[in-house]
Amino acid sequence: MLDKDRNIIRPNLTKHYRLQKIIFRRFRNLDGMEIDFGDKNVTGIFGANGLGKSSILSVIRCLYQAVYNPRIRKRTTPKIARPVGCENKAFGHLFYGNQYYNYNNSEIVAEFSYASKDSQTAIVSPLYEIKSPRKRWTPGTTSKPACPVYYINMETCVPVAEAGKKKSDREKRKRLYESILKQCSELKECFNKVFLHPIEISNTAASNINGVDDSVTIAINNKNLPFRELSAGEQRVLKLLNTIYKAENNSIILIDEIEITLHPSALENLIDVLNKLAKGKSLQIIFTSHSLKLAERKDINVRTLYKLGNCVRCDHGYNQECRKLLEGKCAQSQIKMLVEDDMSKALMMELLRQNGKLPNVDLILFGGFDKAFKLASSLHLVGELTNNIVFILDGDVAITLEEKKKQVEDAHILEGITDKEKEVIAKHFIQYKLPIGKKIDSYIHELLVSEEDISNPIVNAAKSVIEYTMDTVPSGIKNAERDKRRFLEHYKIQDTAANLGYKDSDLNIGYQKIIEYVAERHREAWTNLTQDIQDWINKNM
């Protein structure tokens, strides 16, 4: 809504746009990563240095309507009315093309939930992208959801006594003092819960630093101290709590490196306080951290980032392998698993995730059953078919050891190969346990359509798949009979993912969603399907 008299846009803040998930496409090293923010009010993002934790917080600052900045906006552009202190930004302010990063064709999908007029939960998923030819991010500011975002960065770790002495720094400090005094009763209670010692906050104007009154005095253990004499951790907690108390209800609070300057016990107490404040004010608090202890908490959403090849992925939970990642002990994968296609890759990712082994494994596509035995024989020929390499077959052909040995012989890579050598190579192949005559994709599809609850989007997407025959294969498929047969073998799950809205480069995410659902809802079938591979994992990892 535009106030013509004051040229100010007043956004609709009555809706609470809760951030549910973010999907990154061609964005830095987060390409293909999806992070879900769960159902708890507080989310911790954990991971080693350089994986993009701070970048995720910066992206969240740009998802909502941006704060007016008179230095970069034209005077004719309407201002965006915002609560004082919020840190909403435009993508162009933080993510612009330079010699280090090129954001051309970058896309970010954000999913928000809010209460509709009939009190039902509604979902909106805007797409943020770089538009050609002007290379500008869209949508524009006024088309984004409206929500105040407060960003607590690592500058808050710098004690006041060491902060800058410029006039602007002194004015910022003065505003901080005024805000603390205004909310001193609430701050005292929370501060006491974090550090376990009572405090009193008063306005004395007794001290003077660089010509500006240091007007806040803190009494700790009956000893009066000016604010600047508190420890760095105590100062940061007061600043952090002050920001949360002045934030409007339903706001988002972002905290970068929450553990800096804090003792582990104070850090644990602070999370307890944040959980209480977030619930009381309907806040969504998202922080980054390297703390192993915090990653073990059950009262927050734990999201662990890890590197898979050249990209970063997110594990929604915490286990011993995540702990090794945070400790820096899993810099290099030890096991190489070669799979036939993206569908099989999604299956293996879910199985490895359940076992806590995903960060230890390189998943590699070998591009078709007919290539697998040639590749394995070639590796054996040059002495590189080691015990940490295993091929995962779909399980519809070459099931027995003798059948695998026959495939090794038919590869015609090794002349005069002995039966023992054939067996050595064949034992590097394992497979899913499919019912006789079934293909992996059609079997997964049958599990989905066997359910009666079509209100579930995955089940509904599976039931909506069109049944093709050899005569009705889409025209985009090549005319060769083999290509048509391959399409018929794999299209059901591909079309299910497409019906869910995942297409082209996002199909892999759709596969992962489908497999996660099947593994959870059809546990007996999942256990039988993956039994041979599970046995191999238990034995070798």
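See above for the structure.
Residues numbered from 1 in each chain as written. Predicted model: local features only at pLDDT ≥ 70, side-chain atom pairs only at ≥ 80, totals over all residues. Heavy atoms only, no water.

Draft legend 1. Broad picture of the overall build of the protein chain. Check the secondary structure of the protein chain and you find 17 helices and 22 strands. For the protein chain, the proportion of its 541 residues judged to be buried stands at 50%. The contacts in the protein chain between residues at least 6 apart in sequence include a share of 68% that link residues at least 24 apart. Carbon and sulfur atoms form 47% of the exposed surface of the protein chain, whose accessible area is close to 27100 Å². (Helix = DSSP H or I, 4+ residues; strand = E, 2+ residues; numbered from the N terminus. Buried < 20%, exposed > 50% of the residue type's maximum accessible area, 1.4 Å probe, protein only. Contact = heavy atoms within 4.5 Å. Areas by Shrake-Rupley, 256 points an atom, 1.4 Å probe, with all protein chains shown as cover.)

Draft legend 2. Geometry of the nonpolar core. Counting 44 residues, the largest nonpolar core has Ile253, Ile255, Ile258, Leu274, Ile285 and Phe287 as its most contacted members. The dominant element in this core, judged by the number of residues it contributes, is helix 6 (residues 264-281), at 8 residues. Among all residues touching Phe287, those that are not within four sequence positions of it are Val42, Thr43, Gly44, Ile45, Phe46, Ile255, Ile258, Ile271, Leu294 and Ile300. Counting 42 residues, the second largest nonpolar core, distinct from the first, contains Met343, Ile458, Leu507 and Trp536. (Core = buried A, V, L, I, M, F, W, Y, C linked by side-chain atoms within 4.5 Å.)

Draft legend 3. A look at the sheet that holds strand 22 (residues 429-431). Spatial ordering of the open sheet is given by 20-19-21-22, a layout of 4 strands whose pairing is parallel. The two strands at the open ends of the sheet, each matched to only one other strand, are strand 20 (361-365) and strand 22. With strand direction ignored, the average angle separating the axes of adjacent strands in the sheet is 30 degrees. When strand 19 (residues 335-339) meets strand 21 (residues 389-393), the two strands line up parallel, connected through 4 bridges. Bridge pairing in strand 21 links Met337 to Val390. (Pairing = 2+ DSSP bridges. Axes fitted to C-alpha atoms, helices over the stretch in contact; angles between N-to-C directions.)

Draft legend 4. The environment of Val361, seen in detail. Structurally, Val361 can be placed in strand 20. In this structure, the C-alpha to C-alpha distance between Val361 and Met337, residues 24 residues apart in sequence, is 6.9 Å.

Draft legend 5. The arrangement of the packing of aromatic side chains in detail. Per the counting criterion, the structure on display carries 17 aromatic pairs. Note on Phe91 and Phe95: the rings are 6.1 Å apart at their centroids and 40 degrees apart in plane angle, and the pair reads as tilted. In this structure, Phe91 and Phe95 share a single accessibility class: buried. Look at Phe91 and Trp137: their rings are 4.5 Å apart centre to centre, the planes differ by 20 degrees, and that puts the pair in the stacked class. Placement of Phe91 in helix 2 (residues 91-94) and of Trp137 in strand 10 (residues 136-138) is noted, with a sequence separation of 46 residues between them. (Phe/Tyr/Trp six-rings, centres within 6.5 Å; stacked < 30°, edge-to-face > 60°.)

Draft legend 6. Main features of the environment of Gly32. Note that Gly32 resides in the loop between strand 3 (18-25) and strand 4 (34-36). If we ignore the near neighbours within four places in the chain, the residues touching Gly32 are Phe24, Arg25, Arg313 and Ile509.

Draft legend 7. Molecular detail of unusual backbone geometry. For the bond from Thr138 to Pro139, the omega torsion is 5 degrees, close enough to zero to count as cis. As for its placement among the helices and strands, Pro139 is situated in the loop between strand 10 and strand 11 (149-152). Phi angles above zero are rare outside glycine, and Arg28 is one such case at about 50 degrees. Considering the arrangement of structural elements, one finds Arg28 in the loop between strand 3 and strand 4. Residue Arg28 is classed as partly exposed on the basis of its relative accessible area of 31%. In this structure, Thr261 is a non-glycine residue whose phi angle is positive, near 75 degrees. Structurally, Thr261 is set in the loop between strand 15 (252-255) and helix 6.

Draft legend 8. Just helix 11 (residues 419-426), in detail. All of the buried residues in helix 11 are Lys422, Ile425 and Ala426. Seen along its axis, helix 11 keeps its buried residues to an arc of 100 degrees; they face one direction. On its buried face, helix 11 sits against helix 9 (369-381), helix 10 (401-410) and strand 22. (Arc of directions from axis to C-beta.)

Draft legend 9. A look at the packing of helix 10 against helix 11. In contact at an axis separation of 9 Å, helix 10 and helix 11 are set at 110 degrees when each is read in the N-to-C sense. Taken together, the axes of helix 10 and helix 11 lie roughly perpendicular to each other. Residue-level contacts link Leu401, Lys404, Lys405, Val408 and Glu409 of helix 10 to Asp419, Lys422, Glu423, Ile425 and Ala426 of helix 11. Among the residues making up the contact of helix 10 with helix 11, the classes are represented as 4 nonpolar, no polar and 6 charged. (Parallel < 35°, antiparallel > 145°, perpendicular 65-115°, else oblique. Nonpolar A, V, L, I, M, F, W, Y, C, P; charged D, E, K, R; others polar.)

Taken by themselves, the reported measurements are silent on function.
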